[in-house]
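Spelled out, the chains give:
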Amino acid sequence: MPMTQAPEIPQATRRRHDREIVALAVPAFGALVAEPLFVMADSAIVGHLGTAQLAGLGVASALLTTAVSVFVFLAYATTAAVARRVGAGDLAAAIRQGMDGIWLALLLGAAVIAVALPLAPGIVDLFGASPTAAPYATTYLRISALGIPAMLVVLAATGVLRGLQDTRTPLYVAVAGFVANAALNAGLVYGAGLGIAGSAWGTVIAQCGMAAVYLTVVVRGARRHGASLRPDAAGIRASAQAGVPLLVRTLSLRAMIMIATAVAAHLGDVDIAAHQIILSLWNLLSFALDAIAIAGQAIIGRYLGADDAQGARQACRRMIQWGIATGAVLGLLVVVTRPLFLPLFTSDPGVTDAALPALLLVALSQPICGIVFVLDGVLMGAGDGPYLAGAMVVTLVVFAPVALLVPTLGGGLTAVWASMTLMMAIRMLTLWLRARSGRWIVTGATR
């Protein structure tokens, strides 16, 4: 039955869905916000060492963030797979599924280290680091690369716990990790006199500590339910195959953001400065909407694993309502706070004038973004990765020429963000058509 033909959700069911969404989304939001605080803490501490050191950190952290974000499928695919097993009532198999994702994370982390250590200087130069900043960027990148396996384990283990309907533990670990990271950085950079290397080592130690906590939680769960901890080649291969479509989706999305940034840079310094401000806000707003999407992954996967197609439809409808309402509230907040927000980043009237129309576009598009994030999470929870990958590639094919024509057709930064709004509208259409068709509803412990 298509989603739009589902009967009206009873009030008691709506309340139950609301409680579940809040219980999962609020802690997830806290954990998402805590993650970028790592980079902020590093920047605040390293910034006092000098401009060259801060510039080097900027290059290295951008490379690390990109590398890790490419593997975010470790969390998404694991959440969906584990949640299905939970819905089916097989906790041992759920944890076993999660362990396959964790082993895959370790293998991918080892591969990244093998590439990053010898190629770090060339990668830094390719990224355009200045001669004074490049040595610091290389040092930070080489040391921090040692922590990438731990970072990827954190992603996969977070997916395990989300699939088990637990978003509180990731919040606690993220907050503790941030505090430890800040303390270690300050102590190693200034107390031990290690400079930017101390900042890198502090982050590595904090990430390893977080990974150790996650592994302790998962291992205890495995022993309690009799799940094997040994690597299983077939399971690891299945986790990798499930992640490939989500990797395509992520790379396509990153490509669209990079195209928009490149076009804004081509427009001039004022426009790229304004674009950076708007993009930072857009990313911040995304955290709130992504928290609902994470709840959607866990809830939908559990319903489908329990063979409850009607429950999955009802949960999907309710989460769409949440996405629209949350987007509307966020958009209103952007409009109301814009006189306070822009001066935080710039005192240049030219940058403010360039940013303001784009800011209003971002505000107006938030309900659309709410639908996109929610349906993205629903389809991920359903394990509908191939459709998500195809839909994102189609969006990229439509978006790219439109965005690249902005310098020729005119419109400045407002036109760039109009193309970004078009991108979200196309995503909404493709995801809505899939949700409405009902073809994403495949029940059972595995898809």
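As a reminder, the structure under discussion sits directly above these lines.
Residues numbered from 1 in each chain as written. Predicted model: local features only at pLDDT ≥ 70, side-chain atom pairs only at ≥ 80, totals over all residues. Heavy atoms only, no water.

(A) Looking closely at the overall build of the protein. A tally of regular secondary structure across the protein gives 15 helices and zero strands. The C-alpha radius of gyration of the protein comes to 22 Å, within 12% of the 22 Å expected for a compact globule of 447 residues. Taking the principal axes of its C-alpha atoms as reference, the protein extends roughly 60 × 50 × 35 Å. Evaluated residue by residue, the protein yields a buried proportion of 53% over its 447 residues. A separation threshold of at least 6 residues defines the contact pool for the protein, and within that pool the share at least 24 residues apart is 84%. Carbon and sulfur atoms provide 69% of the accessible area of the protein, an area that totals close to 18,200 Å². Computed over 27 positive and 19 negative side-chain charges, the inter-centroid distance for the protein is 10 Å. (Helix = DSSP H or I, 4+ residues; strand = E, 2+ residues; numbered from the N terminus. Rg over C-alpha atoms; globule rule 2.2 N^0.38 Å. Buried < 20%, exposed > 50% of the residue type's maximum accessible area, 1.4 Å probe, protein only. Contact = heavy atoms within 4.5 Å. Areas by Shrake-Rupley, 256 points an atom, 1.4 Å probe, with all protein chains shown as cover. Lys, Arg positive; Asp, Glu negative; His and termini not counted. Charge placed at Lys NZ, Arg CZ, Asp CG, Glu CD.)

(B) View of the packing of helix α10 (residues 269-305) against helix α11 (residues 309-341). For the pair α10 and α11, the least separation of the axes is 10 Å and the interaxial angle reads 165°. What the angle tells us is that α10 and α11 run roughly antiparallel. The hand of the α10/α11 crossing is right-handed. Residue-level inspection shows I277, L281, L285, A288, L289, I292, A295, G296, I299, I300, Y303 and L304 of α10 in contact with α11, the latter providing G311, A312, A315, C316, M319, W322, G323, T326, G327, L330, V334 and F341. Across the contact of α10 with α11, the residue classes tally to 19 nonpolar, five polar and no charged. (Axes fitted to C-alpha atoms, helices over the stretch in contact; angles between N-to-C directions. Parallel < 35°, antiparallel > 145°, perpendicular 65-115°, else oblique. Left-handed = near helix turned anticlockwise from the far one by under 90°. Nonpolar A, V, L, I, M, F, W, Y, C, P; charged D, E, K, R; others polar.)

(C) Molecular detail of helix α12 (residues 349-381). Relative to the 48 Å expected for 33 residues at 1.5 Å per residue, α12 spans 45 Å between its end C-alpha atoms, a close match to the ideal helical length. The principal kink in α12, of about 45°, is found at Q366, preceding the proline P367 by one to four residues. G383 occupies a position one or two residues after α12 and carries a positive phi of about 75°. (Expected span 1.5 Å × (residues − 1). Bend = angle between axes of the 7 residues up to and from the residue.)

(D) Structural view of the pattern of salt bridges. Taken as a whole and judged by the stated rule, the model has seven salt bridges. Among the salt bridges present, the one from R96 reaches D100, with a minimum N-O distance of 2.8 Å. Of the two residues, R96 and D100 are both situated in helix α4 (residues 91-126); the distance of four residues between them amounts to about one turn of the helix. Residue R96 is classed as buried on the basis of its relative accessible area of 17%. For D100, a relative accessible area of 6% puts it in the buried group. Note that R427 is salt-bridged to D376, the shortest N-O span being 3.6 Å. Taken as a pair, R427 in helix α15 (residues 412-437) and D376 in helix α12 lie far apart in primary sequence, 51 residues in all. D376 shares its class with R427; the two are buried. The network of salt bridges with shared partners includes R249, D376 and R427. (Salt bridge = Lys/Arg side-chain N within 4 Å of Asp/Glu carboxyl O.)

(E) Just empty space enclosed by the protein, in detail. The tally for this structure, following the rule as stated, stands at two cavities of 30 Å³ or more. One number sums up the size of the largest cavity: a volume of about 50 Å³. What lines the largest cavity is simply R249, D376, L388, A391, M392, T395, R427, T430 and L431. Looking at the lining of the largest cavity element by element, the count peaks at four residues for helix α13 (residues 385-404). (1 Å grid on protein atoms, 1.4 Å probe; cavity = no way out; pocket = protein on both sides within 12 Å on 5 of 7 lines; lining within 4 Å. Points joined across faces, edges and corners; volume = space filled by probe spheres on them.)

(F) Main features of the environment of S365. Residue placement: S365 occurs in helix α12. Exposure remark for S365: the relative accessible area of 4% places this residue in the buried category. Here the alpha-carbon distance between S365 and M420, two residues 55 residues apart in the chain, equals 9.5 Å.

(G) Fine view of the side chain of R427. Judged by relative accessible area, which is 6%, R427 ranks as buried. Contact partners of R427, with chain neighbours within four places excluded, come to R249, L253, V372, D376, M392 and T395.

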